[in-house]
Protein chains: 2
Amino acid sequence: MRSDISGFPEFLPNEQIVFNRIIDTIKEQFEFYGFAPMETAAAERISTLLAKGNDNEIYGLYRIADENSKKSIGLRFDLTVPLARYVVSNAGQLIFPHKRYQISPVWRGERPQQGRYRQFYQCDIDVIGDGNLSIEYDAEIISIVINVLRSLDIPDFHTKLNNRKILSGFLKTIVAENEIVETIKLIDKIEKISPEEFDKTIEKFIISPERIQQLKTFLNVEKIGDNFEILKWLETMNLNEEYNCGVVELNNILQLLKKLKIEDSLVKISPKLARGLTYYTGTVFETIFDGSMRTIGSISGGGRYDNLTELMSNRIFPGVGATIGISRLIPKLMEEGFLKSDKLSPATVLVTVQDRKFIGNYIEIAHELRRIGIKTETYLQDKNLGAQLSYADKKGYNFVVMANEMELLEKKAIIKNLKTREQNIIHFESMEKEVLEFLKKK
Amino acid sequence: MRSDISGFPEFLPNEQIVFNRIIDTIKEQFEFYGFAPMETAAAERISTLLAKGNDNEIYGLYRIADENSKKSIGLRFDLTVPLARYVVSNAGQLIFPHKRYQISPVWRGERPQQGRYRQFYQCDIDVIGDGNLSIEYDAEIISIVINVLRSLDIPDFHTKLNNRKILSGFLKTIVAENEIVETIKLIDKIEKISPEEFDKTIEKFIISPERIQQLKTFLNVEKIGDNFEILKWLETMNLNEEYNCGVVELNNILQLLKKLKIEDSLVKISPKLARGLTYYTGTVFETIFDGSMRTIGSISGGGRYDNLTELMSNRIFPGVGATIGISRLIPKLMEEGFLKSDKLSPATVLVTVQDRKFIGNYIEIAHELRRIGIKTETYLQDKNLGAQLSYADKKGYNFVVMANEMELLEKKAIIKNLKTREQNIIHFESMEKEVLEFLKKK
């Protein structure tokens, strides 16, 4: 990946092929569960973009023909705000629960010197209910994300699972109501700060040493054993309605994930998981690498929110969704060698042109290969066979077809595997059978 | 299609599914010929965007956090300028001929009151040579466009074919050199103006009535018969080197199209076809509807250009390409009923939940259906069966799976075709065979 304009990365052809293959795999998984593709316009009203109080790193649009034209629209910086706006505008024509995914670029008007991406892809999947939405959808979304990562042959990973009601229900028993947000902020960055810094900060919100100890026990409960044991521990606490409701939901989701054939080892309860101060209100989850890629951080995350369209509509649209960080993930997987990117052509076979007098014949051979379902490029430039084979090699072709004048007259050609060096004669009248057999050989 | 912000159209879910299906079909055709996908960044330097002297209807970007920030980048208005810039920046890493397609949105900063699209999709395919590019690629591009339209079940259409060298070689014999551009402009709009207006204007460039008559004969030669007869007529003229070269190239392409199994009736020589004052220098073509959709105008067009990267690089990159007007075409085909858009889900089967006590069992059934390769949605909201079947109907599902408590205990369920009303019992232990058989029935 390289950038011609800083912050706007572009792929080289081999990388683009891998990227698209992954996007196609992800789409297929989403569609396997009945999620429909959605594509919103790149621009939104700036008032919509700013409604939730963002950090202002937004690109506005102006007409260069009229610099003083009204500046009212800007580029989306995520896919959630457009989803909310789309649901509100089209509510009358949507069928609820509305299940959609969107894989699209988003833009952030970062200062160039920060060296951050100013264009990158987001990959979001959400189910939106009209008024209410069953908890079972939470389990479905989690299982879809796990299945997507499995289908991509992503190396070791696991999903941390929690429910915000457990965390906030618990905190209400040891922190004053108006300090809860700050406490969650602190918990959210617990893995990025030192224990000393944590201790120093937590004393601002909690005075009683006993309560601080309670908090630490709670934050470490994920270490006591497997999900069954953690859940047991959480259940015995029986703190308040909110907390208990969160525990029941969490248990429910774990049961459903079993039915969806998600192995226990892939999901781990993490009572301290908060997923920031985002709009999440129930289930939250985050998928992270284990092993060699663990430094990357989270690959995916998501959760349940009570109302997608707050501030936009009086109607209540609860939802549950996830985002997969493909813009960071895919280049990293390429770098680490988990995704091969040695093909520069989507085709399987290159038909070479050994004798340009008969170019029509080669074109007919290529056409016949396509007719029998084989993606085929014809090399049409006026170059000798050596140059053509070198082109095949550089573009990552495994198979080439060659024929000289004599062979063409005898209505045959040669198909060659460039890797194994093996080659066979193929006859025009039985090309389908002969070629398909040759391509199947290892 | 509707717009929340004027000029930025968005699809409803059923339309989006059709649109994506078409895009996938187009991509598959392009890839069948070894063209690789390419995605350039949405933003380009404004200096790049304006290099060819455009009409200034460009969206510039500014950071709303800093309105006075340097305004140097803007959104692409087509896919050709980004292609040229990409080829120049990455020339060292590309393998030539570089064969790529790009299907992406572009943006035009039109004044809102003009009621024109400000965001729309373009679909471009090009081959770029380094220094030179064989004429055979022209035929390949034309055949790909025709095959794409065929694969989309586009109703009656044909492709007009010409070579700019024929037109300009001929004009050089009857018009002064410095009037040629204006004459081509006039010819280009011949079908939009009255014969009187044409006569009045042409007299500005050509004084001799005899020459005007020659021009009119030339412009009408496409009516004298089939391609063979038109070519014969063009060949006998033997006007000058440029003209003769164009005729040879045209003939060559017609021969190659035969090898690519393009029926004669689909391609029609049109010596007056110019394709505007664009950068085309040789082959030009344009595909138009016949029959009920003829008013739409051209569906696709393209041609050969001597140098893609003029003004950007000293290196010469000739190319040939085409664009398919999907943003106008697809909504029109939907409107006219050529593309059905009655499905709101990409899934095939909806598993209903008749008895929520057993919700895990229904989730297991859905999981098993997915395992055997069937895209399956589970209806998870707490609604009665009638509401669930109505959801299935509204979302365009043909098949639903249902089971009551008794059936679940007996490890079976019912699969029903909502169109034919036919239904079968399926047993969990032989689900794969029973379901696949049922889905296959008409």
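Residues numbered from 1 in each chain as written. Chains lettered and ligands numbered in written order. Predicted model: local features only at pLDDT ≥ 70, side-chain atom pairs only at ≥ 80, totals over all residues. Heavy atoms only, no water.

1. Regarding the domain arrangement of chain A
Here is the rule: What marks off one domain from the next here is an automatic or database domain assignment.
When cut into domains, chain A gives domain 1 (2–335) and domain 2 (349–440). One C-alpha centre belongs to domain 1 of chain A, the other to domain 2 of chain A; they are set 50 Å apart.

2. Some details on the relation of the copies chain B and chain A
Turning one copy of the chain about an axis and sliding it along that axis gives the other copy, so a rotation and a shift relate them. Applicable threshold: Only residues with pLDDT of at least 70 in both copies count here: their C-alpha atoms drive the least-squares fit that superposes the copies. What makes two residues a contact is simply this: any of their non-hydrogen atoms within 4.5 Å.
When chain B is fitted to chain A, the best match, at an RMSD of 0.0 Å, comes from turning it 180 degrees and sliding it 0.0 Å along the axis. Those values place the two copies in the arrangement expected of a two-fold rotation axis. Among all C-alpha atoms of chain B, that of Leu-61 of chain B lies closest to the rotation axis, at 2.5 Å. An overlap of 99% is found between the interface residues of chain B and their copies at the interface of chain A, pointing to a shared contact surface.

3. Focus: the environment of Glu-182 of chain A
The criterion, for reference: By definition, any uninterrupted DSSP run of H or I lasting at least four residues is a helix, any uninterrupted run of E lasting at least two residues is a strand, and each is numbered from the N terminus.
Along the polypeptide, Glu-182 of chain A turns up in helix α6 (residues 180–188). For Glu-182 of chain A and Ile-202 of chain A, which are 20 residues apart along the polypeptide, the C-alpha to C-alpha distance reads 9.4 Å.

4. Section: the sheet that holds strand β14 (residues 349–351) of chain A
Residue and element names in this part refer to chain A. What counts is decided by this rule: Two strands qualify as a pair provided DSSP detects at least 2 bridges between them. To get an axis, fit a line to the C-alpha atoms, keeping to the stretch in contact for a helix; angles then go from 0 to 180 degrees between the N-to-C directions.
What the five strands build is an open sheet, ordered β15-β14-β16-β17-β18; its pairing is mixed. Looking at which strands have only one partner, the edges of the open sheet turn out to be β15 (376–378) and β18 (423–427). Across this sheet, the average inter-strand angle for adjacent strands is 25 degrees, counted without regard to direction.

5. Details of unusual backbone geometry
Omega for the bond connecting Phe-96 of chain A with Pro-97 of chain A falls within 30 degrees of zero, at 0 degrees, which places this linkage in the cis form. Mapping Pro-97 of chain A onto the fold places it in the loop between α3 (80–90) and β7 (98–107). If you check the backbone angles, Asn-238 of chain A has positive phi at about 45 degrees while not being a glycine. The backbone phi angle of Leu-311 of chain B is positive, close to 75 degrees, even though this residue is not glycine. Relative to the helices and strands, Leu-311 of chain B resides in the loop between β12 (298–305) and β13 (319–324).

6. Digging into the packing of aromatic side chains
Cut-off, in case you're wondering: Pairing of aromatic rings covers Phe, Tyr and Trp, the last counted by its six-membered ring, and requires centre-to-centre distances within 6.5 Å; plane angles under 30 degrees mean stacked, over 60 mean edge-to-face, and any other angle means tilted. Counted as over-ring charges are cases with an Arg CZ or a Lys NZ within 6 Å of the ring centre that also lie within 35 degrees of the ring normal.
Tallied over the entire structure, the rule returns 22 aromatic pairs over all chains. Geometrically, the ring pair formed by Phe-170 of chain B and Phe-218 of chain B is stacked, given 4.0 Å between the ring centres and 5 degrees between the ring planes. Of the two residues, Phe-170 of chain B is situated in helix α5 (residues 164–171) and Phe-218 of chain B in helix α8 (residues 209–219); the sequence distance between them amounts to 48 residues. Among the aromatic residues, those joined into a ring-pair cluster are Phe-11, Phe-19 and Tyr-121 of chain A. The ring centre of Tyr-62 of chain B lies 5.9 Å from the NZ or CZ of Lys-71 of chain A, which sits over that ring.

7. So, the side chain of Asn-14 of chain B
Position of Asn-14 of chain B among the secondary structure elements: in helix α1 (residues 13–32). In this view, Asn-14 of chain B contacts Ser-341, Lys-343 and Leu-344 of chain B; residues no more than four positions away in its chain are not counted.

8. Comments concerning the environment of Phe-399 of chain A
Residue and element names in this part refer to chain A. Here is the rule: Partly exposed describes any residue whose relative accessible area lies between the buried limit of under 20% and the exposed limit of over 50%, with all areas from a 1.4 Å probe on protein chains only and scaled to the type maximum.
Checked against the element boundaries, Phe-399 lands in strand β16 (residues 399–402). A relative accessible area of 8% places Phe-399 in the buried class. Distance in space between the C-alpha atoms of Phe-399 and Glu-286 is 43 Å, their sequence separation being 113 residues.

9. Looking at the interface of chain B and chain A
It is common to give the size of an interface as the accessible area lost on bringing the parts into contact. Spelled out, the test is: As a working definition, buried area equals the accessible area (1.4 Å probe) given up by two parts on being put together, with both sides summed. A pairing counts as a salt bridge when a side-chain nitrogen of Lys or Arg comes within 4 Å of a carboxyl oxygen of Asp or Glu.
Every contact between the two is made by 95 residues of chain B and, on the other side, 94 residues of chain A. Surface buried jointly by chain B and chain A totals about 8,600 Å² across both partners, of which 60% is contributed by carbon and sulfur atoms. Ionic pairing is found between Arg-85 of chain A and Glu-10 of chain B, a salt bridge with its closest N-O pair at 2.7 Å.

10. Details of the sheet that holds strand β18 (residues 423–427) of chain B
Residue and element names in this part refer to chain B. With mixed pairing, five strands are arranged side by side in an open sheet as β15-β14-β16-β17-β18. Each having just a single partner strand, β15 (376–378) and β18 make up the two edges of the open sheet. Adjacent strand axes in the sheet meet at a mean angle of 25 degrees, parallel and antiparallel pairs treated alike. Taken together, the three bridges between strand β14 (residues 349–351) and β15 define a ladder with parallel strand orientation. Following the sheet pairing, Leu-350 is matched in β15 by Glu-377.

11. Here we look at a negative patch on the surface
Cut-off, in case you're wondering: Each patch is built from residues lacking any salt bridge and having more than 30% relative accessible area; the joining distance is 9 Å for like charges and 5 Å for nonpolar side chains (Val, Leu, Ile, Met, Phe, Trp, Tyr). Each accessible area is a Shrake-Rupley result for a 1.4 Å probe, and residues are judged covered by the shown protein chains and nothing else. Asp and Glu count as negative and Lys and Arg as positive, but His and the ends of the chain are not part of the count. All charge positions are set by atom: Lys at NZ, Arg at CZ, Asp at CG, Glu at CD.
Where like charges cluster on the molecular surface, the negative patch consists of Asp-24 and Glu-28 of chain A together with Asp-24 and Glu-28 of chain B. Positionally, Asp-24 of chain A belongs in helix α1 (residues 13–32).

12. A short note on the packing of helix α4 (residues 136–151) of chain B against helix α10 (residues 241–259) of chain B
Residue and element names in this part refer to chain B. Just so we agree on the cut-off: Under this scheme an angle from 65 to 115 degrees is roughly perpendicular, one under 35 degrees roughly parallel, and one over 145 degrees roughly antiparallel; angles in between are oblique. Put simply, a crossing is left-handed when the front helix is turned counterclockwise from the back one by less than a right angle, and right-handed when it is turned clockwise. Note on residue classes: Ala, Val, Leu, Ile, Met, Phe, Trp, Tyr, Cys and Pro are nonpolar, Asp, Glu, Lys and Arg are charged, and everything else, Gly too, is polar.
Packing of α4 against α10 leaves a shortest axis separation of 9 Å and a crossing angle of 50 degrees. In this view, α4 runs oblique relative to α10, as classed from their interaxial angle. In this structure, the crossing between α4 and α10 has a hand that is right-handed. Of the residues in α10, those in contact with Glu-136, Asp-138, Ala-139, Ile-142 and Ser-143 of α4 are Ile-253, Leu-256 and Leu-257. Classifying every residue of the contact of α4 with α10 by side-chain character gives five nonpolar, one polar and two charged.

13. Notes on the pattern of salt bridges
If you walk through the whole model with that rule in mind, you get 74 salt bridges over all chains. Asp-126 of chain A serves as the salt-bridge partner of Arg-100 of chain A, at 3.1 Å between the closest nitrogen and oxygen. Taken as a pair, Arg-100 of chain A in strand β7 and Asp-126 of chain A in strand β8 (residues 119–128) lie far apart in primary sequence, 26 residues in all. With relative accessibility at 1%, the residue Arg-100 of chain A sits in the buried group. The network of salt bridges with shared partners includes Arg-2, Asp-4 and Glu-10 of chain A together with Glu-44, Arg-45 and Arg-85 of chain B.

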